[in-house]
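# Residue-level structural notes
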Amino acid sequence: MVTFLTAAGRKGATFDLPMTKGNKLYAVFKFKCPHCHEGEFFVDSNPYHLSTVGDLHETCSVCHRKYTPEPGFYYGGMYVAYALAVALFATIYTAMIVLFPDAPLWLDAALVLSGLVFTAPYLYALSKTIWAAFFIPYKGVAPTEKERANAAARAAATKA
Ligand SMILES: [Zn+2]
């Protein structure tokens with residue numbers, strides 16, 4: 001959230017910058033908790049540590065909400081990964097055709113392939129945070145009204 005001050009020092013327009021907390025892009029690219037945008041999403045936030053790439057925490061260390069709403073939730077991330085790979089393929093190939101129209105086809109293919117190989121871990125991690133951002137709304141750290149009501153209802157149900 002950014003508040004601009006007028007020349008006289010009064011508060012002017014207030015709006016969210018795209019890469020600040022509360023904006024989904026922030027959580028997606030900084031690999032943060034989709035619920036509160038504060039806790040780390042991945043066990044290791046460097047996707048190029050290949051043994052742990054894509055491993056997420058079970059719950060957020062800050063707001064303690066679950067990262068996986070249902071079993072197999074992140075299989076849907078494959079659609080995102082596919083879209084990202086196609087976008088990268090199209091970008092590299094088009095750039096080659098436009099910038100180096102005389103380059104041989106094997107070179108275009110080699111660049112596309114190496115581009116896909118080298119960005120694969122990053123795109124894989126990104127596909128999960130994007131998929132989470134599609135389905136998990138930002139709620140802030142504190143429990144929401146609805147979450148408190150649900151917790152109270154659950155507590156009442158177990159007592160009865
Ligand atoms: Zn959180």
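Residues numbered from 1 in each chain as written. Predicted model: local features only at pLDDT ≥ 70, side-chain atom pairs only at ≥ 80, totals over all residues.

This brings us to the overall build of the chain. For the chain, the count of helices and strands is 4 helices and 2 strands. Reading the chain from its N end, one meets helices and strands in the order β-β-α-α-α-α. Per-residue burial over the chain gives 16% buried out of 160 residues. Put simply, 52% of the contacts in the chain that link residues at least 6 apart link residues at least 24 apart. (Helix = DSSP H or I, 4+ residues; strand = E, 2+ residues; numbered from the N terminus. Buried ≥ 20, exposed ≤ 12 C-beta atoms within 10 Å, placed from the backbone. Contact = placed C-beta atoms within 7 Å.)

Before going further, it helps to spend a moment on unusual backbone geometry. Its identity is not glycine, yet Phe-31 carries a phi of approximately 55°, on the positive side. Secondary-structure assignment places Phe-31 in the loop between helix 1 (24-30) and helix 2 (77-99). Residues other than glycine seldom take positive phi values, yet His-37 does so here, at roughly 60°. Mapped onto the secondary structure, His-37 falls in the loop between helix 1 and helix 2. Of the residues examined, His-37 has 24 C-beta atoms within 10 Å and is grouped as buried.

With that settled, consider the packing of helix 2 against helix 3 (residues 105-135). Packing of helix 2 against helix 3 leaves a shortest axis separation of 8 Å and a crossing angle of 145°. Two packed elements cross with a definite hand, and for helix 2 against helix 3 that hand is right-handed. Here the residues of the contact of helix 2 with helix 3 are counted per class, giving 17 nonpolar, 4 polar and 2 charged. (Axes fitted to C-alpha atoms, helices over the stretch in contact; angles between N-to-C directions. Left-handed = near helix turned anticlockwise from the far one by under 90°. Nonpolar A, V, L, I, M, F, W, Y, C, P; charged D, E, K, R; others polar.)

Next up on the list: the nonpolar core. In this structure, Cys-33 and Phe-41 are the most contacted members of the largest nonpolar core, which totals 16 residues. When contributions to this core are tallied by element, the ones reaching two or more residues are helix 1, helix 2 and helix 3. Of all the elements, helix 3 adds the most residues to this core, at 5 residues. Dropping the residues within four chain positions of it, Phe-41 is found in contact with Phe-31, Lys-32, Cys-33, Leu-56, Tyr-67 and Thr-129. (Core = buried A, V, L, I, M, F, W, Y, C linked by C-beta atoms within 7 Å.)

Further remarks concern helix 4 (residues 145-159). If you check helix 4, its first and last C-alpha atoms are 21 Å apart, about what 15 residues at 1.5 Å a residue would give, namely 21 Å. Burial of helix 4 is sparse: only 0 of the 15 residues sit out of reach of the surface. (Expected span 1.5 Å × (residues − 1).)

Residue Ala-120 marks the point of greatest curvature in helix 3, where the axis turns by about 55°; the proline Pro-121 follows within four residues. Residues of helix 3 that are buried sit in contact with helix 1 and helix 2. (Bend = angle between axes of the 7 residues up to and from the residue.)

A separate point is the environment of Phe-29. In this structure, Phe-29 sits in helix 1. Phe-29 gets classed as partly exposed once you count the C-beta atoms within 10 Å, which come to 13. In the structure, Phe-29 is positioned 10 residues away from Met-19 in sequence and 8.6 Å away in space, judged by C-alpha atoms.

Moving on, we get to the environment of Met-19. Counting through the fold element by element, Met-19 comes out in the loop between strand 2 (11-15) and helix 1. Taking the C-beta count within 10 Å as the criterion, Met-19 has 11 such neighbours and is therefore assigned exposed. Ignoring any residue separated from it by four or fewer positions in sequence, one finds Met-19 in contact with Leu-25 and Tyr-26.

For Ile-92, the position within the fold is in helix 2. Residue class for Ile-92 comes out partly exposed when judged on the 18 C-beta atoms lying within 10 Å of it. Sequence separation between Ile-92 and Leu-113 is 21 residues, and the spatial gap between their C-alpha atoms is 9.7 Å. With sequence-adjacent residues up to four places away left out, Ile-92 is seen in contact with Leu-111, Val-112 and Gly-115.

By themselves these figures say nothing about function.
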